[in-house]
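Coordinates in review
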Amino acid sequence: MMKDEKKNIAILGSTGSIGTQTLEVIAANPDHFEVEVLTANSNAELLITQAKKFNPNAVVITNEDKYAEVFEALNPLDIKVYAGEKALISVVEMDTIDLVLTALVGYAGLMPTIAAIKAGKHIALANKETLVVAGELITKLAYDKGVNLYPVDSEHSAIFQCLTGEFHNPTEKIILTASGGPFRGKNTDFLKTVTKAQALNHPNWDMGAKITIDSASLMNKGLEVIEAKWLFGVRYDQIEVVIHPQSIIHSMVQFTDGSIKAQLGLPDMRLPIQFALSYPNRLDSDFQRFNFADYPSLTFEQPDMETFRNLKLAYEAMEKGGNQPCILNAANEIAVEGFLSDKIGFLEMSDVVEKCMGILPHISQPSIEDYVNTDKETRIKALEIIN
Ligand code: NDP
Ligand code: MG
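Now for a look at the structure at hand. (Residues numbered from 1 in each chain as written. Chains lettered and ligands numbered in written order. Predicted model: local features only at pLDDT ≥ 70, side-chain atom pairs only at ≥ 80, totals over all residues. Heavy atoms only, no water.)

Let us look at the overall build of the protein. Scanning the protein for helices and strands turns up 16 helices and 11 strands. Relative to the globule expectation of 21 Å for 387 residues, the C-alpha radius of gyration of the protein, 20 Å, shows essentially globular dimensions. Along the three orthogonal principal directions, the C-alpha set of the protein runs to about 55 × 50 × 40 Å. Across the 387 residues that make up the protein, the buried fraction comes to 55%. Taking the intrachain contacts of the protein between residues at least 6 apart in sequence as the baseline, contacts between residues at least 24 apart amount to 67%. (Helix = DSSP H or I, 4+ residues; strand = E, 2+ residues; numbered from the N terminus. Rg over C-alpha atoms; globule rule 2.2 N^0.38 Å. Buried < 20%, exposed > 50% of the residue type's maximum accessible area, 1.4 Å probe, protein only. Contact = heavy atoms within 4.5 Å.)

Following this line, the structure appears as structure tokens:
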């Protein structure tokens, strides 16, 4: 491939779990990708190390207290340094960016993603919360701007891979697999007493703290159901969740002739990240290969939505539509923070979400301002419930 065919990538949240793995993929494929922008919230030290190695055009540190440290380290290297949330929104508009990989956590990803789409940048989307909060608005905007949304989430990448070559064929059903997390099969008495250390110990994936808690509570799967609805344009009753503890089948698509396609492999986020960056091509990799001898059985179970209420709440929010998924997401972000700071127990996270969904006013056709206000008001309400 010629040098000028390289894709210039902006990584929002480069210091996190997805961000660092994205840089591994880029480092292994220097003929295909170039780093244009790196951003972090407050991990200045790692951001500086990454910038020295990948020599981006610009970096953003959203925590303004860390600006001086980053500026002093990178300005002599001719790397532009910006600080603050607004900088995240303007940096994605840079002419030289081809694709923006969104790996920030939570609602913080919404405005930068909107800005990137408006600027016509293709999106590799890890930040699922953006689609949960405002999926209708984001997918419409992307359609209007001719922007592609490439899924990074492993399940959605699997579905995307199953659909490749099938986009003209109707989908009957999407089957999202879920590992079930560390508390699969446990009852409410057990869950009442679990600690954050137990919840942070995921059996198959090593991820950031927020998504790890979401995985334990099945909220992650709920968010992914909503993410799938928007990415693949299906109705909520066409999305089924099946527990698959080995995390080898990453998800499936059932077509109208009854045929099911699945995508398999060892759990390794670098594969979906690489596919999102290289689509429609597949690049060589040295990722560990799957060996059937190591997995004599792949098993499947039904999710327990009575014990793990978050999944049911997510289906309810999706069915109601409008600003309900935004309420679900904001309440959950506060609930997870509450659990991680020992203010509430594991099961109380669902109580906070359910109460907020019952209290906050429903808006059926939210504008962007409505989403911003719903997010803000839900956070206030959720904090009141917790404190
Ligand atoms: P991490 O917590 O590991 O990393 C988050 C990144 O975003 C860090 O670079 C962090 O900076 C930055 N960041 C966090 N909050 C803000 C903020 N308010 N403003 C600006 N930057 C911020 O998260 P993950 O990498 O695990 O997850 C990222 C996204 O990808 C999430 O939406 C998650 O659901 C999704 N995802 C993750 C998977 C995984 O395997 N990890 C799998 C599938 C999806 P700093 O380091 O300075 O704090
Ligand atoms: Mg996932």
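Picking up where we left off.
This part takes up the coordination of the magnesium ion (ligand 2). Coordination of the magnesium ion (ligand 2) by the protein comes from D153 (OD), E155 (OE) and E224 (OE), over a distance range of 2.1 to 2.2 Å. One chain supplies every donor to the magnesium ion (ligand 2), and in sequence these donors are spaced D-x1-E-x68-E. Of the two residues, D153 is situated in the loop between β7 (149-151) and α7 (154-163) and E224 in helix α11 (residues 219-232); the sequence distance between them amounts to 71 residues. Both residues of the pair, D153 and E224, count as buried. (Donors = N, O, S within 2.8 Å, 3.2 Å for Na, K, Ca; no water.)

Counted by the stated rule, this structure contains one cavity of 30 Å³ or more. Lining of the largest cavity is provided by S217, T307, F308, R309, N310, F346, L347 and S350. Here the residues of the lining of the largest cavity sort into three nonpolar, four polar and one charged. (1 Å grid on protein atoms, 1.4 Å probe; cavity = no way out; pocket = protein on both sides within 12 Å on 5 of 7 lines; lining within 4 Å. Points joined across faces, edges and corners; volume = space filled by probe spheres on them. Nonpolar A, V, L, I, M, F, W, Y, C, P; charged D, E, K, R; others polar.)

What follows deals with helix α14 (residues 324-340). Between the first and last C-alpha of α14 there are 24 Å, a value that for 17 residues agrees with the 24 Å anticipated at 1.5 Å per step. For α14, a buried count of 15 out of 17 residues is recorded, marking the element as mostly surrounded by other parts of the structure. D342 lies just past α14 and shows a positive phi near 60°. (Expected span 1.5 Å × (residues − 1).)

Turning to the pairing of strand β11 (residues 260-264), a few remarks are in order. Alignment of strand β10 (residues 249-255) against β11, held across five bridges, turns out to be antiparallel. Bridge assignment links S251 to a residue of β11, and that residue is Q263. The hairpin turn running from β10 into β11, its antiparallel successor, is four residues long, and G258 in that turn takes a positive phi close to 90°. (Pairing = 2+ DSSP bridges.)

This paragraph deals with the site of ligand 1. Around ligand 1 sit 24 residues, and of these T15, S17, S42, N43 and E129 come closest. In the environment of ligand 1, an oxygen atom lies 3.1 Å from a nitrogen or oxygen atom belonging to the backbone of G16. Between ligand 1 and N43, the relevant distance is 2.8 Å, taken from an oxygen atom to a main-chain nitrogen or oxygen of the residue. Against a free-state accessible area of 900 Å², the protein chains account for coverage of 84% of ligand 1. For the shell around ligand 1, the secondary-structure elements that each account for two or more residues are α1 (17-28) and α6 (128-145). Residues belonging to the shell around ligand 1 are distributed by class as follows: 10 nonpolar, 11 polar and three charged. (Near = heavy atom within 4 Å. Polar contact = N/O pair within 3.5 Å; in protein donor to acceptor, adjacent residues only side chain to side chain. Areas by Shrake-Rupley, 256 points an atom, 1.4 Å probe, with all protein chains shown as cover.)

With 18 residues, α6 should cover 26 Å at 1.5 Å per step; its first-to-last C-alpha distance of 20 Å lies more than 12% under that length. In the structure, α6 departs most strongly from a straight axis at A134, where the bend amounts to approximately 105°. Regarding α6, the residues found buried are K128, E129, T130, L131, V132, V133, A134, G135, I138, L141 and A142. (Bend = angle between axes of the 7 residues up to and from the residue.)

Where empty space is left can be seen by rolling a probe of water-molecule size over the atoms. Here the second largest pocket defines a volume of roughly 460 Å³. What lines the second largest pocket is a set of 20 residues, and nearest its centre among them are L149, F160, F167, L231 and F232. Those elements that place two or more of their residues in the lining of the second largest pocket are α6, β7, α7 and α11. Residue classes in the lining of the second largest pocket are distributed as 14 nonpolar, five polar and one charged.

Here we come to the environment of I79. Residue placement: I79 occurs in the loop between α3 (67-74) and β4 (80-83). Between the C-alpha atoms of I79 and V242, which are 163 residues apart in sequence, the distance is 46 Å. Residues contacting I79, with those up to four places away along its chain left out, are A51, N55, P56, N57, A58, V59 and L74.

Attention now goes to the side chain of T39. With respect to the helices, strands and loops of the structure, T39 is situated in strand β2 (residues 33-40). Apart from residues no more than four positions distant in its own chain, T39 is found in contact with I11, L12, G13, S14, T15, L47, V60, L88 and L104.

One way to put it is that helix α2 (residues 44-54) packs onto α3 with a least axis distance of 10 Å and a crossing angle of 20°. Between α2 and α3, the angle falls in the class roughly parallel. α2 and α3 meet at a crossing whose hand is right-handed. In this structure, α2 contributes A44, E45, L47, I48, A51 and K52 to the contact, and α3 contributes E69, V70, A73 and L74. Class assignment of the residues belonging to the contact of α2 with α3 gives a composition of seven nonpolar, no polar and three charged. (Axes fitted to C-alpha atoms, helices over the stretch in contact; angles between N-to-C directions. Parallel < 35°, antiparallel > 145°, perpendicular 65-115°, else oblique. Left-handed = near helix turned anticlockwise from the far one by under 90°.)

Under the defined criterion, the tally for this structure stands at 22 salt bridges. With a closest N to O distance of 2.9 Å, D153 and K128 form a salt bridge. Note that D153 is positioned in the loop between β7 and α7 and K128 in helix α6, a separation of 25 residues in sequence. For D153, a relative accessible area of 7% gives the class buried. By relative accessible area, which is 4% here, K128 ends up buried. Where salt bridges share partners, they join K128, D153, E155, K221 and E224 into one cluster. (Salt bridge = Lys/Arg side-chain N within 4 Å of Asp/Glu carboxyl O.)

In short, shape yes, function no, at least from these values alone.
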